[in-house]
Amino acid sequence: MRAALIVLVVLAVIVVGIVAWAIGVNNELVRLDQDVNGKWAQVQNQFQRRADLVPNLVETVKGFATQERTVLEEVTRARASASSIQLTPEALNDPKALERFQTAQSQLSGALSRLLVTVERYPELKSNQNFLALQSQLEGTENRIAVERKRFNEAVQAYNTRLRLFPASVIAGMFGFRPKAFFEAAPDAATVPKVKF
């Protein structure tokens, strides 16, 4: 009778240990998942900051460069396209949705680059304090976006690594954790832009 009780206690301790371990792994995966979502929110925050700055930049440039209306219209269209695509944390599991979002943001980045090159043609605009302040804000925003994308990718890497490690992968599969997509550079990002004056 005493041996059966000891075996029962040992089995109970093992079961409690396994359950505690599974809860710990699940909690860690939830924490990492929330970290990825939080980092993504920061990426979106910086994209929103850029989208809010673009109309001010365009209006400032319009006053000086009315003949460059096509560039300004391109920036406006790209901003509208980039602002219309929202990517929720749930959609981060969909690489195609992330790719559509990235494409829209890349189009806006390209349009802004062309606008800034156009501005170089107008010395009176380059010296305008309002434009200089907006240009500085926009450059700072682009840098912030790059930093937040890097942090997001680091969080995704930590999450995906933990998700794939055994035996955590067993718990991840049982509770429905799925790998997240990385934020990748646009396909033409390696191409050096051509600047013509």
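All of these numbers come straight from a predicted model, not from anything done at the bench. (Residues numbered from 1 in each chain as written. Predicted model: local features only at pLDDT ≥ 70, side-chain atom pairs only at ≥ 80, totals over all residues. Heavy atoms only, no water.)

Would you take a moment to explain helix H6 (residues 168-175) for this structure?
Every α-helical turn comprises 3.6 residues, leaving residues that sit three or four positions apart pointing alike. Within H6, the full set of buried residues consists of Ala168, Ile171 and Ala172. What you see down the axis of H6 is that its buried residues fit within an arc of 100 degrees, all on one side. One or two steps after H6, the chain reaches Gly176, where phi turns positive at roughly 80 degrees. (Buried < 20%, exposed > 50% of the residue type's maximum accessible area, 1.4 Å probe, protein only. Helix = DSSP H or I, 4+ residues; strand = E, 2+ residues; numbered from the N terminus. Arc of directions from axis to C-beta.)

Is there a simple way to think about the side chain of Asn37 in this case?
Topologically, Asn37 is positioned in helix H1 (residues 2-62). In this structure Asn37 touches Pro89, Leu92 and Lys180, once residues within four positions along its chain are discounted. (Contact = heavy atoms within 4.5 Å.)

What is the right way to look at the nonpolar core in this model?
With 23 residues, the main nonpolar core has Val36, Trp40, Phe152 and Phe183 as its most contacted residues. Of all the secondary-structure elements, those providing two or more residues to this core are H1, helix H3 (95-119), helix H5 (129-164) and H6. For this core, the element with the highest residue contribution is H1, accounting for 8 residues. Apart from the residues within four sequence positions on either side, Phe183 is in contact with Trp40, Val43, Phe47, Leu98, Phe101, Gln102, Arg149, Phe152 and Asn153. If you look at the next biggest cluster of nonpolar residues, it comprises 9 residues, including Val54, Leu57, Leu134 and Leu138. (Core = buried A, V, L, I, M, F, W, Y, C linked by side-chain atoms within 4.5 Å.)

Help me understand a nonpolar patch on the surface, please; the structure alone is not making it clear to me.
On the surface, a cluster of nonpolar side chains totalling about 650 Å² of accessible area is made up of Ile6, Val7, Val10, Leu11, Ile14, Ile18 and Trp21. Following the sequence through the fold, Val10 ends up in helix H1. (Patch = residues over 30% accessible without salt bridge, like charges linked within 9 Å, V, L, I, M, F, W, Y side chains within 5 Å. Areas by Shrake-Rupley, 256 points an atom, 1.4 Å probe, with all protein chains shown as cover. Salt bridge = Lys/Arg side-chain N within 4 Å of Asp/Glu carboxyl O.)

Just to check I follow, could you spell out the confidence of the model for the protein chain for this structure?
Detail in the predicted coordinates should be disregarded across regions flagged by low pLDDT. Residues at a pLDDT of 70 or more form 71% of the protein chain, whose mean pLDDT is 76. Element-level mean pLDDT values for the protein chain span from 54 in helix H4 (residues 123-126) up to 87 in H6. (pLDDT = per-residue confidence, 0-100.)

Please explain the pattern of salt bridges as it appears in this structure.
Opposite charge on two side chains lets them pair, provided their charged atoms get close. As enumerated under the stated definition, the model contains 5 salt bridges in all. Here Asp33 and Lys180 are joined by a salt bridge, their closest N and O atoms 2.8 Å apart. Linking Asp33 in helix H1 with Lys180 in the segment after H6, this pair joins segments that are 147 residues apart in sequence. The salt bridge involving Lys150 is made with Glu154; its shortest N-O contact spans 2.6 Å. You can see Lys150 and its partner Glu154 sitting in helix H5, 4 residues apart, about one turn around the helix. When its relative accessible area of 52% is taken as the criterion, Lys150 is described as exposed. The class of Glu154 is partly exposed, set by a relative accessible area of 39%.

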